[in-house]
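Observations on the three-dimensional arrangement
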Amino acid sequence: MRLFVGLGNPGAKYASNRHNIGFLAVDEIARRHGFAPWRRRFQGETSEGVVDREKVVLLKPTTYMNESGRAVQEAANFFKLAPSDITVFQDELELPPAKVRVKIGGGIAGHNGLRSISAHIGNEYRRVRLGIGHPGVKELVHSHVLSDFAKSDRAWVEALCQAVADNAGLLAAGHDASFANKVHLTMQAKGFFDKGEDGGEKPS
């Protein structure tokens, strides 16, 4: 069994924020793979289904971002999962918009959701880093992540979430590098990157 955690803040006010791209990604996985209806538990919302023969539980913490670890720990304890069974979908300031990288462990780069999760379950979980771009100066970061995606962003956000969902089976099977490469190639084919751009991903 795998636990896929989308990070975001609950409520309509935040639904289209850049900080909520993790929620958007797991919502698309649920739609794409015909998961069960969402239900409230583990201080969040969960949906269960199967992705390429692997049972997956999706979790969207409803604790607000900086307390996400409480929900993740509760779900992990219930299902008796190790950190290696957990994949977290997060917004990533340090990646250009629409880029994806996958890593296990490592730093949290000031991300409050990751800080909370690491405090509750340790650091050795998988992170799917979904690029939202950096506003350029540190002082603008807070307003950047808590602002809605611009209208001009919607095409790549939708395409990225679809590519993540289409290739989620590779993540469930632990094929991180293949997942990242396939998502990149899909986005490149749709015209979001230059053909010469390097999207290569080394195995985790």
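Predicted model, so just to flag it, every value in this text is computed and none were measured.

A tally of helices and strands in the protein yields 7 helices and 7 strands. Listing the helices and strands of the protein from first to last along the sequence gives β-α-β-β-β-α-β-β-α-β-α-α-α-α. Computed over C-alpha atoms, the radius of gyration of the protein comes to 16 Å, within 12% of the 17 Å expected from 2.2 N^0.38 for 204 residues, which places it in the range of a compact globule. Taken over the C-alpha atoms alone, the protein extends approximately 45 × 40 × 30 Å along its principal axes. For the protein, the residues scored as buried account for 53% of the 204 residues in total. Of the contacts formed within the protein by residues at least 6 apart in sequence, a portion of 66% connects residues at least 24 apart. In the form shown here, the protein has an accessible surface area of approximately 9,400 Å², with 50% of it arising from carbon and sulfur atoms. Taking the average location of the 27 positive side-chain charges in the protein and that of its 23 negative ones, the two points are 2 Å from each other.

Let's shift gears to the nonpolar core. Membership of the largest hydrophobic core comes to 37 residues, with the highest contact counts inside it found for F4, I29, F89, L130 and L160. Looking at this core, the elements with two or more residues in it are helix 1 (21–32), strand 4 (54–61), strand 6 (100–104), strand 7 (126–131), helix 4 (141–145), helix 5 (154–166), helix 6 (168–172) and helix 7 (176–189). Looking at this core element by element, the count peaks at 8 residues for helix 5.

Bringing the confidence of the model for the protein into the picture now. Looking at the protein, the pLDDT average stands at 93 and 95% of residues meet or exceed 70. In this model residues 199–204 is a low-confidence stretch, pLDDT under 50, and it forms 17 contacts with partners more than four residues away in sequence or in other chains.

The next thing to look at is the pattern of salt bridges. Counting across every chain of the model gives 12 salt bridges. Note that D27 and K60 form a salt bridge whose closest N and O atoms lie 2.8 Å from each other. Taken as a pair, D27 in helix 1 and K60 in strand 4 lie far apart in primary sequence, 33 residues in all. According to the relative accessible area criterion, K60 is buried, its value standing at 10%. Close ionic contact of K60 with E45 constitutes a salt bridge, the shortest N to O distance being 3.8 Å. One end of the pair, K60, is in strand 4; the other, E45, is in strand 3 (residues 44–51), with 15 residues separating them in the sequence.

Trans is the prevailing form of peptide bonds, just as negative phi is the prevailing case for residues other than glycine. The phi angle at D52 is positive, at roughly 50 degrees, despite the residue not being glycine. Assignment of secondary structure puts D52 in the loop between strand 3 and strand 4. Positive phi, normally seen in glycine, also occurs at Y64, with a value near 75 degrees. Its location among the elements puts Y64 in the loop between strand 4 and helix 2 (68–79).

Spatially, 2-3-4-1-5-7-6 is the arrangement adopted by the 7 strands of the open sheet, whose pairing is mixed. Of all strands in the sheet, those with a lone pairing partner are strand 2 (39–41) and strand 6, marking the two edges. The average angle at which neighbouring strand axes cross in this sheet is 30 degrees, direction not considered. Inspection of the sheet shows strand 3 paired to strand 4 by 8 bridges, in the antiparallel sense. Opposite T46, over in strand 4, you have L59 as the bridge partner. In the packing of helix 7 onto the sheet, contacts are made with strand 6 and strand 7, and the angle to strand 6 comes to roughly 170 degrees.

Reading the values: the criteria
All residue numbers here refer to positions counted from 1 along the written sequence of the relevant chain. This being a predicted model, a pLDDT of at least 70 is required before a residue's local features are given, and a value of 80 or more before pairs of side-chain atoms are given or counted; all residues contribute to the totals for chains, interfaces and linings. Each side-chain value is worked out from all heavy atoms of the structure, with water and hydrogens disregarded. Numbering goes from the N terminus for both helices and strands, where a helix is a DSSP run of H or I of at least four residues and a strand is a run of E of at least two. In this description the radius of gyration comes from C-alpha coordinates, and the expected globular size is given by 2.2 Å times residues to the power 0.38. Buried, partly exposed and exposed residues are distinguished by accessible area as a fraction of the type maximum, computed with a 1.4 Å probe on protein chains only: under 20%, between the cut-offs, and over 50%, respectively. Here a residue-residue contact requires only that any non-hydrogen atoms of the pair lie within 4.5 Å. All accessible-area figures derive from a Shrake-Rupley calculation using a 1.4 Å probe, and residue coverage is judged against the displayed protein chains alone. Only four residue types enter the charge count, namely Lys and Arg as positive and Asp and Glu as negative; His and the chain termini do not. Positions of charges follow a simple convention, taking NZ of Lys, CZ of Arg, CG of Asp or CD of Glu. Buried Ala, Val, Leu, Ile, Met, Phe, Trp, Tyr and Cys residues that are joined via side-chain atoms within 4.5 Å together make up what is termed a nonpolar core. Values of pLDDT, the confidence the predictor places in each residue, fall between 0 and 100. Counted as salt bridges are all cases of a side-chain nitrogen of Lys or Arg within 4 Å of a carboxyl oxygen of Asp or Glu. Two strands form a pair only when DSSP identifies at least two bridges running between them. To get an axis, fit a line to the C-alpha atoms, keeping to the stretch in contact for a helix; angles then go from 0 to 180 degrees between the N-to-C directions.

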